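An overview of the molecular structure
Letter by letter, the chains look like this.
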Amino acid sequence: MRRLLEKKEIIHEAEERFAYDLAKELLPKPAMSVWMILIPIIIVFHMYRHQQVMNSRREFVENYLISRFRALEEAFRSLEKGDGPDISNIVSKADDLPASVLPAYRTWMRELTDHFTDLLSSSGDSYAELVRSAYRSKSEYLFDLNALNRCERDFNAQLKLHMAESSPDASAAFDAMEKGSENLRRIRAEKIYTPRRAVPEGG
């Protein structure tokens, strides 16, 4: 059981790193300029904007990870108890979601929980090793990620419809998040399945 907990922590950390990488892409730091050095009040304003970005990133990461960590916990619980994942347990905690989006949310959580179950059931001492153990090739891994992406996009599409009037900018935000996350996942897959070159002695 200790080994299962260690693997959960590895996956937890990997998901957190991914969320922060995505936050950096979506919320870049304000750029410095020579005027900020010459005019002290501009430096103060720059630091204020910088802190706003940092706070926004932290808030984004916290919200981005809520459902993902719930799915991970359910996958862990089901393997620990041996009774299979209970997706209703996850859905019941999403009491802030409108009823119209819950079917799409349930489908996404099912796919995500299955993904985490595969990783928790694999062997390895790092996230890359867990992935390579669960998915024999990059194409197999990307196939699973594409299925996850489709479910998440379907859920987001339902949210967009619900938020169309109250938050007209939500659609663009979802689109940017989906594009950014898909790009980062492809980069992650490339790193995981690209063998490291041996460094020559003395090199």
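Being a predicted model, the structure only gives us computed values, none of them experimental.

Rules and cut-offs
Residues numbered from 1 in each chain as written. Predicted model: local features only at pLDDT ≥ 70, side-chain atom pairs only at ≥ 80, totals over all residues. Heavy atoms only, no water. Core = buried A, V, L, I, M, F, W, Y, C linked by side-chain atoms within 4.5 Å. Buried < 20%, exposed > 50% of the residue type's maximum accessible area, 1.4 Å probe, protein only. Helix = DSSP H or I, 4+ residues; strand = E, 2+ residues; numbered from the N terminus. Contact = heavy atoms within 4.5 Å. Salt bridge = Lys/Arg side-chain N within 4 Å of Asp/Glu carboxyl O.

Points about the nonpolar core
Counting 48 residues, the largest nonpolar core has Tyr105, Tyr127 and Tyr141 as the members making the most contacts within it. Those elements that provide at least two residues to this core are α1 (2-26), α3 (40-81), α4 (87-91), α5 (102-120), α6 (127-134), α7 (138-163) and α8 (170-193). Take this core: its biggest share by element is nine residues, from α3. Once you skip the residues sitting within four places of it in the chain, tyrosine 127 turns out to touch Ile10, Ile11, Ala14, Glu15, His115, Leu119, Tyr141, Arg188 and Ile192.

Remarks on the pattern of salt bridges
Scanning the model with the defined rule gives twelve salt bridges in all. Note that arginine 68 is salt-bridged to glutamate 152, the shortest N-O span being 2.6 Å. A residue pair is termed long-range when its members are at least 10 positions apart, and arginine 68 in helix α3 and glutamate 152 in helix α7 qualify at 84 residues. Summarising the burial analysis for this pair, arginine 68 and glutamate 152 share the class buried. With its nearest N and O atoms 3.5 Å apart, the salt bridge here joins glutamate 140 to arginine 136. Assessed through its relative accessible area of 28%, glutamate 140 is described here as partly exposed. In this structure arginine 136 comes out as exposed when scored by relative accessible area, which is 74%. What you see here is one network of salt bridges that share partners, running through Arg3, Glu6 and Asp125.

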